[in-house]
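# Observations on the model geometry
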Amino acid sequence: MQFFFKHSFFSPCFHWQDQEEQAYFAVFDGHGGVDAAIYASIHLHVNMVHQEMFQHDPAEALCRAFRVTDERFVQKAARESLRCGTTGVVTFIRGNMLHVAWLGDSQVMLVRKGQAVELMKPHKPDREVRRVPALGESTYPGFFGSHKPYICGDADSASTVLDGSEDYLILACDGFYDTVNPDEAVKVVADHLKENNGDSSMVAHKLVASARDAGSSDNITVIVVFLRDMNVLREPHPWRCPVPSSVPAPVPAEIRSC
């Protein structure tokens, strides 16, 4: 199993002028090979930008981009006899809005005022099985060309207003979230920042190590996106500090993929 990520700042990347600050972060969890994960990491954000509703409804543009990416990968898989797939979780930030879309069991969590905030319900086989009446078969959400039409390519999405009190995001695959719960993840990050005087450069590595220590034998990818000053976060009660009038640019911590 392989993991791939993609992150970029959108206005410079697409040479837009006079746009609100925008950023994109994603984790793709591949199965059966690397092709689907690579394809999604290269094409999904481009397909999102090309949706006609991207400027006024980014969440819907993300969902449509998942669908388009899935359909095109199925065609590629058929041409090249590929038998692989991937899940994906994507966050897109524009101004003070956070948009999340996901397909499969990779997840993103938000930490606000030192507390974990649930943004999504991952697609798990025991709770997200979908039916295809014409086939009489169960389907599981995810890109997976070789098992179509038994796999569903429809992503879910959610949007959240950022008011400046948010600390950071953690995007990770199931190899992390299956062994480290949200409260444990928050403690790992807080302890790391305190011990390293606010230096966040190795915090993603620390989270990966925590999942390993907790018994994860899966591959693990973690992205930490800080939404405020890391030196503030290492204080005992950072949420007592004044809330900024605008949300600062997100800053990704170093990323570790094992």
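Residues numbered from 1 in each chain as written. Predicted model: local features only at pLDDT ≥ 70, side-chain atom pairs only at ≥ 80, totals over all residues. Heavy atoms only, no water.

Under an unreviewed UniProt entry, the name given to the chain is Protein phosphatase, Mg2+/Mn2+ dependent 1E, and the source organism is Malurus cyaneus samueli.

## Overview of the packing of aromatic side chains
What describes a pair of aromatic rings is the distance from one ring centre to the other and the angle between the planes of the rings. The condition is simple: Think of it this way: a Phe, Tyr or Trp ring, Trp meaning its six-membered ring, pairs with another when their centres are within 6.5 Å, and the plane angle makes it stacked under 30 degrees, edge-to-face over 60, tilted otherwise. Helix and strand assignments come from DSSP, with helices taken as H or I runs of at least 4 residues and strands as E runs of at least 2, each series counted from the N terminus. We call a residue buried when its accessible area falls under 20% of the maximum for its residue type, exposed when it is over 50%, and partly exposed in between, using a 1.4 Å probe and counting protein chains only.
Evaluated as defined, the whole model comprises four aromatic pairs. Ring centres of Phe54 and Phe92 lie 5.4 Å apart, and the angle between their planes is 50°; on these two criteria the pair is classed as tilted. Pair noted here: Phe54 is in the loop between α2 (35-49) and α3 (58-80) and Phe92 is in strand β3 (residues 85-94), with a separation of 38 residues, a long-range link. With a centroid separation of 5.1 Å and an interplanar angle of 80°, the aromatic rings of Phe176 and Tyr177 are classed as edge-to-face. Its relative accessible area of 12% is what places Tyr177 among the buried residues.

## Focus on the confidence of the model for the chain
Put simply, the rule is: The pLDDT value tells you how sure the predictor is about a given residue, anywhere from 0 up to 100. Two residues form a contact once any of their heavy atoms are found within 4.5 Å.
For the chain, the average pLDDT comes to 79, and 70% of its residues sit at 70 or higher. Under a pLDDT of 50 for its full length, residues 237-248 has, in the predicted model, 18 contacts with residues more than four places off or in other chains.

## What to know about the side chain of Asp167
In this fold, Asp167 is placed in strand β12 (residues 166-172). Here Asp167 falls in the buried class, since its relative accessible area comes to 2%.

## Considering the packing of helix α5 (residues 182-195) against helix α6 (residues 203-213)
Applicable threshold: For helices, the axis comes from a line fit to the C-alpha atoms of the stretch in contact; other axes are also lines fit to C-alpha atoms, and the angle between any two N-to-C directions lies between 0 and 180 degrees. Each angle is binned into one of four classes, with values under 35 degrees roughly parallel, values over 145 roughly antiparallel, values of 65 to 115 roughly perpendicular, and all other values oblique. By definition, turning the near helix anticlockwise from the far helix through less than a right angle yields a left-handed crossing, and turning it clockwise yields a right-handed one.
Two numbers describe how α5 lies on α6: the axes approach to 10 Å, and their chain directions differ by 135°. Between α5 and α6, the angle falls in the class oblique. Of the two possible hands of crossing, α5 and α6 adopt the one that is right-handed. Counting all contacts with α5, which are made through Ala185, Val188, Val189 and His192, the residues of α6 involved are Val203, Lys206, Leu207 and Ser210.

## Details of the packing of α2 against α3
The cut-off we apply is this: When residue character is reported, Ala, Val, Leu, Ile, Met, Phe, Trp, Tyr, Cys and Pro are called nonpolar, Asp, Glu, Lys and Arg charged, and the others, Gly included, polar.
Viewed as axis vectors pointing N to C, α2 and α3 meet at an angle of 135°, and their least axial separation amounts to 9 Å. When the axis of α2 is compared with that of α3, the two are oblique. The element α2 and its partner α3 pack so that their crossing is right-handed. Contacts from Asp35, Ala36, Tyr39, Ala40, His43, Leu44, Asn47 and Met48 in α2 reach Ala61, Leu62, Ala65, Phe66, Val68, Thr69, Arg72, Phe73 and Lys76 in α3. Broken down by class, the residue content of the contact of α2 with α3 amounts to 11 nonpolar, three polar and three charged.

## Quick word on α6
All of the buried residues in α6 are Val203, Ala204, His205, Leu207, Val208, Ser210 and Ala211. Directly beyond the C-terminal end of α6, a positive phi value near 110° is found at Gly215.

## With respect to the pairing of strand β2 (residues 22-31)
Selection rule: DSSP-based pairing: two strands are paired if at least 2 bridges between them are found.
The buried fraction of β2 is high, at nine of 10 residues. Across 10 bridges, β2 lies against β3 in antiparallel orientation. Residue pairing for β3: Gly30 is matched across the bridge by Thr86.

## Some details on unusual backbone geometry
The backbone of Ser81 shows a phi angle near 55°, a positive value even though the residue is not glycine. By secondary structure assignment, the location of Ser81 is in the loop between α3 and β3. With phi around 55°, Lys113 is a residue other than glycine that occupies positive phi space. Within the secondary structure, Lys113 sits in the loop between β5 (107-112) and β6 (115-118). Assessed through its relative accessible area of 39%, Lys113 is described here as partly exposed.

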